[in-house]
Amino acid sequence: MRKTNCLVITLVLFIRLAALGRNLPPPSSNHHNPHGPVPSTSVFTSRPDDPTATYFLAGKSSRSSNDGRTDVSDALQGAIRDIKINHNFGILFIPEGKYLITKTIYIPTAIRLIGYGRTRPVFILGQSSPGFQSADAADKGQAKYMFWFTSSLPAFVVSPDKGVGAVPDAGASTFYSAMSNIDIRIEEGNPTAVALRTHFAQHSYISHVDISIGNGKAGLFDAGNEMEDVRFFGGDYGIYTTKPSPGWPFMMVDTWFEGQRKAAIRTREAGLTIVRMTAHNVPTVIDIDSNYHEKLFMEDCRFDGVTGPAIRISNEENSLVQINLRNVACRNVPVLTVSRAGNHQVFAASLIYNVRCFTAGLQMDNWSADPGYATTKDLQPLSSFPAAPRSDIPTLPSMEGWVNLLTLGAKGDGETDDTKIIQDAINRYPTIYVPQGWYRISKTLRLRPNTVLIGLSPIATRFQLADNTQAFGGFGGPAALLESSRGGNNIVTGIGLSTGASNPRAVGCKWMAGAGSYLNDVKFIGGHGSISRPGTPRRQLYQQQDKDWDTQYWSLWITDNGGGTFKDIWSASTYATAGAYISNTSTPGRIYAMSIEHHVRNEIRFNKVSNWKVYALQLEEESRESSECQPMEIEDCHNMRFANLYMFRVIRVIKPYPYSIRLWGGSNLEFLNVHNYSQIKYTTTVPLYDINTNTEIRPWEFARLFVSSVQAASGARAPVTKAVPLAAGFEFAQSATSDSRGNIYFCESRMRRIYRWSAATHTITLLADYPWEPLSLACDQKDNLLVVFKYVPKPGWFVDGHQETFSNPPDAAGTSFSGWGNSGFATWVYSIDPENPDESIRLLPRVPMGSIAHPYKVLYPAHRWRDYHDFNTVSVKKPEECFVAPDGVTIIPVVYDLARSTALATGYPGQPLYLTDEYDKRTVRTNVSPEGYLSDLTYFAERGEFSSVTDKSGYVYIADGEVYRYDPQGKQTGLIPTPERPTSITFGKDQKTLYITGHHSLYEVAIP
């Protein structure tokens, strides 16, 4: 049947392509400009004077060095190395000219390359450069890179005599790196060449760059953080990318792709947030890798001359696949989307048409709607192809009008009070260039309506308060370090704002400027992300002090009808009450790539805000300071859109938290591509909760939720009557299991407690509170309780004369859970007799797998978080050892994921066993061999979280926000609504009663 359908689909597609093909332009034509791409425009037309910066080839004869024929590779790498070693961070200015390189250039954390001149400088990879002809089989991108952004300098760059070694790729702590106003060209004979590798994090970006790829592989591999005004010409791909290093969304604004041979963008898990992109003469615009998801949002884009499907979707009907298009103009695009399985496709509405709205994924049309997978679309024919939308990113004023702050007498030494000089400059000049330096401020800096402040690195260029500055201390209302004009057209870019640690009235920036204003590349310094120069006096550094946390006002306060564009903002000062507070404004606002993290009580608040669009907002809660932080509050807000909203709790958090977003009234709120996640079990319980109606949105992942009116949702969801509470008052109840008598056991890991609910007396007891942290529970055939637990060795405890230590086994490599504090311990199993637990605790022995000839049952982790995407292989890999229960016939195979799982799945030889791919939120079916091995993994249902169980008839019950019932063929046949999010489920003795643990309670549900 599937082959027949595919043939029909292919025939229909061919007919449509043939019909439209008569109107397709020849491959070499260019609707944007028949004569080729418009030449790039230099943003910095003259040399920015900065005594702290380095100027490439300064003081040397550049007559032969910038002609495009002299190899400057060593000189360029040497200049970057010297900045990093001598200053730790800074700017390398590149004058206009053509520069030949023949080898990879490594750019470490917080180093920026910025070009200047009447035309942009161009870096050229010469024809057939050695090493760029064949792929490195060991390289992640299977490529050779012209520029590779790294976390630190490779050892062989610091000491060339050390030879070739490992390259420390940019990662989650690679901040402040950038390339701007520089073009790149790959000449012929370099088929594996990629211009840029950019796996960096906050305040790192590529901007104002043209990349001519030619017959090279791609312009960019592994996208990170943010990109603006970048154009890609030729190549197999413009961009091909995996997940950004911190797992955040990737923001692209004002980009152009033309003439790629395979796809403009090939992607997996990149969180592509794209505004104002043009794709011209390409076979495919977005190609999502097979068996991977993507959270794709595109707005105000143009597809022109796309011969194949514009968007190729993989893993359709999985909740992590979230595709949203808004206002995408198409010309000569016969197929808008196609699924890799071939059973879903969307054809053109006409030769020229507009995708007014397209959504594919898990959707909720209103507050009370049940979530369901769907594809909705609104395609409208057009009579002509529209012009490219106008950018909302203001251009900087001409450099002829820039006034250098240092020439006016400012010191920027971190000691001298520069307040008066800076304020006088603001009062006299419209555009002020702020060279690198730390400028001490003692009073509020107030901008005039036309003030523009330009820095070029928010870690190297700072306005900062000393602790206990008089104007910002004591009791009183908020006092801003920097204050915009009301309704003006202010621009502030590339400057860090530090309010110190002990200034309780301080606000980093109070913004009241109008819709055309712009705040860009601004870091609110304090706590996380700080970098210092070598030898910085300790008094200039703010140390993390718990006593100073949460003692200031908000870092960014947008209020009094403030609006405009806010791009590449990182607000992570733990000293502030919140990273951002937006209040009392109906002026249109746009947020592009804002990262708000590590606050004690609140990350971001929207209060009485209307007409805002929020793209690629990322919220993160850290363990020490943010375990009880409310990520977002939305109060009385209207006409807002959130696109690619990522809400994350770090791997070190050990406490649950109820809500990611609390809603307090409002209307016309649209949430597109929502990602609520963590590597640990303590993901925020509910992504969205309305205070006034006591209503929850349960799915952690969804493509669209539209809230037309919160008030109208009151009472829309009927009270749950089927789930009967048996006990309450728990922090995070988990791992429900039952014995042969119908008793139910469950535990609280952090509190190290194990409970039993008695089927005979209908009462609950605290069975055990041992010092060993329980992870998951099960019972053997003789009703012994089996406890998988975490054993942490104590320093000074010696075994056979050596300190007891443990290292992660090889199968830990596929999950990031194994890092960041989740190593160095053992996952073992003990047993107890529930009738005499304290005297019967015993450690289970480990034996070779297969030595138990005929196991009665085998217990595997019920779910695995494998974010390196190896779930399918690691789940059926044959374990080498197993724990043996006291009954002698119940075994628990030794696998690393026992350390992560909150429940055990019971398998019986010869019967199917259902497990959860927690990362992809998918339930799979496996077969259990007579020895207890798993095989024949197949996909069963595109739902799954921590727990599932099977009844006698083969029906599968899956806990995922609610409890869903599936028949043995994988078709959903029922839904059991639960009063709170279920963490585990198990059947009682007769399988007529389902027991459910929520975070705080134990419930029973009668199964008809």
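Residues numbered from 1 in each chain as written. Predicted model: local features only at pLDDT ≥ 70, side-chain atom pairs only at ≥ 80, totals over all residues. Heavy atoms only, no water.

**Notes on the overall build of the chain**
Part 1 of the reasoning: Across its full length, the chain carries seven helices and 75 strands.
Part 2 of the reasoning: A globule of 1008 residues ought to have a C-alpha radius of gyration of about 30 Å, and the chain, at 30 Å, matches this closely.
Part 3 of the reasoning: Considered along the principal axes of its C-alpha atoms, the chain spans approximately 85 × 75 × 65 Å.
Part 4 of the reasoning: Looking at the 1008 residues of the chain, the share that counts as buried comes to 63%.
Part 5 of the reasoning: Total accessible area on the chain stands at roughly 36,400 Å², and carbon and sulfur atoms take up 51% of it.
Part 6 of the reasoning: On the chain, the mean spot of the 96 positive side-chain charges and the mean spot of the 97 negative ones are 3 Å from each other. (Helix = DSSP H or I, 4+ residues; strand = E, 2+ residues; numbered from the N terminus. Rg over C-alpha atoms; globule rule 2.2 N^0.38 Å. Buried < 20%, exposed > 50% of the residue type's maximum accessible area, 1.4 Å probe, protein only. Areas by Shrake-Rupley, 256 points an atom, 1.4 Å probe, with all protein chains shown as cover. Lys, Arg positive; Asp, Glu negative; His and termini not counted. Charge placed at Lys NZ, Arg CZ, Asp CG, Glu CD.)

**Focus: the pattern of salt bridges**
Part 1 of the reasoning: Inspection of every chain in the model, using the stated rule, returns 60 salt bridges.
Part 2 of the reasoning: The closest approach of N and O atoms between K567 and E226, which form a salt bridge, is 2.8 Å. Here the residue K567 occupies a position in strand β40 (residues 564-571), and E226 occupies one in strand β14 (residues 226-234), the gap between them amounting to 341 residues. Per residue, the accessibility class of K567 equals that of E226, and both read buried.
Part 3 of the reasoning: As a salt-bridge pair, E942 and R922 come within 3.1 Å of each other at their nearest N and O atoms. Here E942, found in the loop between β68 (934-941) and β69 (947-950), pairs with R922, found in strand β67 (residues 922-928); they are 20 residues apart in sequence, far enough to count as distant. (Salt bridge = Lys/Arg side-chain N within 4 Å of Asp/Glu carboxyl O.)

**Some points on the confidence of the model for the chain**
Part 1 of the reasoning: Residues with a pLDDT of 70 or more make up 94% of the chain, whose mean pLDDT is 92.
Part 2 of the reasoning: Note on residues 712-721: pLDDT is under 50 here. Beyond four places in sequence and across chains, it has nine contacts. (pLDDT = per-residue confidence, 0-100. Contact = heavy atoms within 4.5 Å.)

**Regarding the packing of aromatic side chains**
Part 1 of the reasoning: Tallying each qualifying case throughout the model produces 53 aromatic pairs.
Part 2 of the reasoning: Taking the centre distance of 5.5 Å and the plane angle of 80° together, the rings of Y106 and F156 count as edge-to-face. In this pair, Y106 sits in strand β5 (residues 105-107) while F156 sits in helix α3 (residues 155-158), placing the two residues 50 residues apart along the sequence. F156 matches Y106 in its accessibility class, with the two residues each being buried.
Part 3 of the reasoning: Ring centres 5.1 Å apart and planes at 65° place the aromatic pair F123 and F147 in the edge-to-face group. (Phe/Tyr/Trp six-rings, centres within 6.5 Å; stacked < 30°, edge-to-face > 60°.)

**Focus on the sheet that holds strand β75 (residues 1001-1006)**
Pairing between the strands of a sheet is mediated by backbone hydrogen bonds and can be parallel or antiparallel.
Part 1 of the reasoning: Spatially, β49-β75-β74-β73 is the arrangement adopted by the four strands of the open sheet, whose pairing is antiparallel. Across the chains shown, the open sheet's two edge strands, defined by having one partner strand only, are β49 (723-728) and β73 (982-987). This sheet shows a mean twist of 25° between the axes of neighbouring strands, independent of strand direction.
Part 2 of the reasoning: As defined by bridge partners, strand β74 (residues 993-998) adjoins β75 across five bridges and the pair is classed as antiparallel. Looking at the pairing, Y995 lines up with E1004 of β75. (Pairing = 2+ DSSP bridges. Axes fitted to C-alpha atoms, helices over the stretch in contact; angles between N-to-C directions.)

**What about the sheet that holds strand β50 (residues 734-738)?**
Part 1 of the reasoning: Taken in spatial order, the four strands line up as β50-β51-β52-β53 in an open sheet, and their pairing is antiparallel. Sheet topology places β50 and β53 (764-768) at the edges, where each strand pairs with a single neighbour. Along the sheet, successive strands turn relative to each other by an average axial angle of 25°, direction set aside.
Part 2 of the reasoning: Pairing between strand β51 (residues 744-748) and strand β52 (residues 753-757): five bridges, direction antiparallel. By the bridge assignment for β52, F746 is matched with Y755.

**What about the side chain of N607?**
Part 1 of the reasoning: With respect to the secondary-structure elements, N607 resides in strand β43 (residues 602-621).
Part 2 of the reasoning: Within polar-contact distance, the side chain of N607 engages the side chain of Y581 at 3.0 Å.
Part 3 of the reasoning: If we skip the residues at most four places from it in the chain, N607 touches Y581, I582, S583, N584, E635 and C637. (Polar contact = N/O pair within 3.5 Å; in protein donor to acceptor, adjacent residues only side chain to side chain.)

**Considerations on helix α4 (residues 419-428)**
Part 1 of the reasoning: What α4 keeps buried is the set T419, I422, Q423, A425 and I426. All buried residues of α4 project into a common sector of 155° when viewed along the axis, lining one side. Those residues of α4 that are exposed and angled more than 90 degrees off the buried face are K420 and R428.
Part 2 of the reasoning: Buried-residue contacts for α4 involve β28 (413-417), β29 (431-433), β30 (437-441), β31 (445-446), β32 (452-454) and β33 (461-465). (Arc of directions from axis to C-beta.)

**Observations concerning the nonpolar core**
Part 1 of the reasoning: Ranked by size, the top nonpolar core spans 76 residues in total, and within it F147, M179, M277, F303 and L336 carry the most contacts.
Part 2 of the reasoning: With residues up to four places along the chain from it excluded, the contact list for M179 reads I107, L113, F147, F149, I184, L196, Y205, I206, S207 and V209. (Core = buried A, V, L, I, M, F, W, Y, C linked by side-chain atoms within 4.5 Å.)

**Digging into the side chain of H675**
Part 1 of the reasoning: Mapping H675 onto the fold places it in strand β45 (residues 659-678).
Part 2 of the reasoning: Looking at H675, its side chain comes within polar contact range of the side chain of E701, at 2.5 Å.

**Observations regarding helix α2 (residues 73-87)**
Part 1 of the reasoning: End to end, α2 covers 21 Å across 15 residues, agreeing with the expected 21 Å (1.5 Å per residue, within 8%).
Part 2 of the reasoning: Taken together, the buried positions of α2 are S73, L76, Q77, G78, A79, I80, I83 and K84.
Part 3 of the reasoning: Backbone geometry just after α2 places N88 at a positive phi near 80°. (Expected span 1.5 Å × (residues − 1).)

**Examining unusual backbone geometry**
Part 1 of the reasoning: Of note in this structure, D550 is not a glycine but carries a positive phi near 60°.
Part 2 of the reasoning: Secondary-structure assignment places D550 in the loop between β38 (518-525) and β39 (556-558).
Part 3 of the reasoning: Despite not being glycine, N584 has its phi angle at roughly 50°, a positive value.
Part 4 of the reasoning: Here N584 lies in strand β41 (residues 580-585).

**Quick notes on the environment of P793**
Part 1 of the reasoning: With respect to the helices and strands, P793 occurs in the loop between β55 (785-791) and β56 (798-799).
Part 2 of the reasoning: Measuring from C-alpha to C-alpha, the distance between P793 and F806 comes to 8.0 Å, with 13 residues separating the pair along the chain.
Part 3 of the reasoning: In this structure, P793 is in contact with E804, F806, G824 and F825, ignoring residues within four places of it in sequence.

**Regarding the state of the cysteines**
Part 1 of the reasoning: The tally for this structure, following the rule as stated, stands at zero disulfides.
Part 2 of the reasoning: A disulfide-free cysteine, C629 has its sulfur positioned 18 Å from the sulfur of C637, the nearest such atom.
Part 3 of the reasoning: Residue C629 is classed as buried on the basis of its relative accessible area of 1%.
Part 4 of the reasoning: Here C637 falls in the buried class, since its relative accessible area comes to 0%. (Disulfide = S-S within 2.5 Å.)

**A look at the environment of V452**
Part 1 of the reasoning: Residue position: V452 is located in strand β32.
Part 2 of the reasoning: Residue V452 is classed as buried on the basis of its relative accessible area, which comes to 4%.
Part 3 of the reasoning: Distance from V452 to I432, taken between C-alpha atoms, is 6.2 Å for residues 20 residues apart in sequence.
Part 4 of the reasoning: V452 has contacts with P397, P430, T431, I432 and I491, leaving out every residue within four places of it along the chain.

**Thoughts on the environment of H999**
Part 1 of the reasoning: Looking at where H999 falls in the secondary structure, it is placed in the loop between β74 and β75.
Part 2 of the reasoning: Classification of H999 by relative accessible area gives buried; the value is 3%.
Part 3 of the reasoning: A polar contact is formed between the side chain of H999 and the side chain of T685, at a distance of 3.1 Å.

**Points about the pairing of β53**
Part 1 of the reasoning: Direction of pairing for β52 relative to β53: antiparallel, over a ladder of four bridges. Residue pairing for β53: I754 is matched across the bridge by A768.
Part 2 of the reasoning: What sits between β52 and β53 in their antiparallel hairpin is a turn of six residues, with H762 showing a positive phi close to 55°.

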